[in-house]
Amino acid sequence: MLIYRNNLELQNETLKLKKTGKSIGFVATMGALHQGHISLIEQARKENDIVIVSVFVNPLQFGPKEDFSKYPRPRESDENICKDHNVDILFLPEEDSFYLKDHKTYVTVEELSEIHCGKTRPGHFKGVTTVVLKLFNIVEPDRAYFGKKDFQQLVIIKKMVADLSLPIEVIGCPIVRDFDGIALSSRNKYLSPEERKTALAISQSLREAANRIASGEKSAKVVYDLIFEKLSNKENLKIDYIAIVDDYNLKTRENLDKNTVILIAAYVGSTRLIDNLHLEDIL
Ligand code: PAF
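Residues numbered from 1 in each chain as written. Predicted model: local features only at pLDDT ≥ 70, side-chain atom pairs only at ≥ 80, totals over all residues. Heavy atoms only, no water.

A. Region of the structure containing the site of the ligand. Close to the ligand lie A28, T29, M30, N58, Q61, V128, V131, F146 and Q153, which account for all nearby residues. A distance of 2.6 Å is found between an oxygen atom of the ligand and a side-chain nitrogen or oxygen belonging to Q61. Starting from 290 Å² of accessible surface for the ligand in isolation, the protein chains cover 89%. Where the shell around the ligand is concerned, the elements lending two or more residues are β2 (24–29) and α5 (124–139). (Near = heavy atom within 4 Å. Polar contact = N/O pair within 3.5 Å; in protein donor to acceptor, adjacent residues only side chain to side chain. Areas by Shrake-Rupley, 256 points an atom, 1.4 Å probe, with all protein chains shown as cover. Helix = DSSP H or I, 4+ residues; strand = E, 2+ residues; numbered from the N terminus.)

B. Molecular detail of the packing of helix α1 (residues 7–19) against α5. Contact geometry for α1 and α5: axes closest at 7 Å, N-to-C directions at 50°. In this view, α1 runs oblique relative to α5, as classed from their interaxial angle. Contacts between α1 and α5 involve N7, L10, Q11 and T14 from the first element and K134, N137, I138 and V139 from the second. Grouping the amino acids of the contact of α1 with α5 by side-chain chemistry returns 3 nonpolar, 4 polar and 1 charged. (Axes fitted to C-alpha atoms, helices over the stretch in contact; angles between N-to-C directions. Parallel < 35°, antiparallel > 145°, perpendicular 65-115°, else oblique. Contact = heavy atoms within 4.5 Å. Nonpolar A, V, L, I, M, F, W, Y, C, P; charged D, E, K, R; others polar.)

C. Local environment of the sheet that holds strand β6 (residues 169–173). Spatial strand order, β1-β4-β3-β2-β5-β6: 6 strands in an open sheet with parallel pairing. The sheet is open, and its two borders are formed by β1 (2–4) and β6, each paired with just one other strand. Adjacent strand axes in the sheet meet at a mean angle of 25° when their direction is disregarded. Docked against the sheet, helix α2 (residues 35–47) engages β2, β3 (50–55), β5 (143–147) and β6, running at close to 155° with respect to β5. Across the sheet, helix α3 (residues 75–84) touches β1, β3 and β4 (89–91), and the angle it forms with β3 is around 170°. (Pairing = 2+ DSSP bridges.)

D. Molecular detail of the side chain of E217. Secondary-structure assignment places E217 in the loop between α7 (193–214) and α8 (220–232). Buried charge without a salt bridge: E217, with R212 as the nearest opposite-charge side chain at an N-O distance of 4.1 Å. At 3.1 Å, the side chain of E217 and the backbone nitrogen of S219 are in polar contact. (Buried < 20%, exposed > 50% of the residue type's maximum accessible area, 1.4 Å probe, protein only. Lys, Arg positive; Asp, Glu negative; His and termini not counted. Salt bridge = Lys/Arg side-chain N within 4 Å of Asp/Glu carboxyl O.)

E. Molecular detail of helix α6 (residues 151–163). The first and last C-alpha atoms of α6 sit 18 Å apart over 13 residues, in line with the 18 Å expected at 1.5 Å per residue. Listing the buried residues of α6 in full gives F151, Q152, Q153, L154, V155, I156, I157, M160 and V161. Trailing α6 by a residue or two, S165 shows a phi angle of about 50°, which is positive. (Expected span 1.5 Å × (residues − 1).)

F. Region of the structure containing the environment of D180. Its place among the elements puts D180 in the loop between β6 and α7. Expressed as a C-alpha distance, the spacing of D180 and Q204, which sit 24 residues apart in the sequence, is 9.3 Å. Once residues within four sequence positions are removed from consideration, D180 is found in contact with R196, L200 and R207. Of the polar contacts made by the side chain of D180, one reaches the side chain of R196; its length is 2.8 Å.

Spelled out as structure tokens, the structure:
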């Protein structure tokens, strides 16, 4: 496995690879790799000649009061995971040279970036799209793999790629869950054992919703109320939002069909967790 730390050096390498006709699959991450990331790497491995993974904790997507400095950075284990899963190139940009000192250019997908998670985390998606576009320009992937756990992020990245005619196929991959149903996330590390038990209510509420919908429920309000009731009574859990929306434009839906997604964001203690249910996966 080759490791690159410098933007230009990697860009030169990917240009060379492209000339040989090899396809490039790309997995962008912020590290602290877990089974969710591994599933993206495995899918990229199956569908491409070359697999490139980036690990970069992107300062642009963190708000001033968020966890940028305490975000886990287990570099050695990240490297080993990539090696063990046959990654060809690991991109570990240097934190102080990835962006130019006088960086001034940002890309924003309007509207979609301001709702749901964007309301609670102003500027977050602007940071995500800016770093992802920059990484795309360095890596030049044919296919890029993102987890459906960050559903809004996936929708926004797909929109950016479509709007800007980037020659990249964006592939959304299934959420990977722990044995108890909790969606895997690098931020789960912040939870105490007690908080983890509380957090289970989020995936449980989605499972209950899935059962109701699978047995014929079509009303978004009924399903919203069911989830709200389950979560609003939980001690030490604060709902940020529950949204039942269209999977393309993220606008509120009244009737449920396979193009609907249920999004949840909630704080357990001080940790903000997100999860979702894409009805396409159950209908
Ligand atoms: O999903 C993430 O880990 C990040 O938002 C991403 C896509 C790597 C951009 O920093």
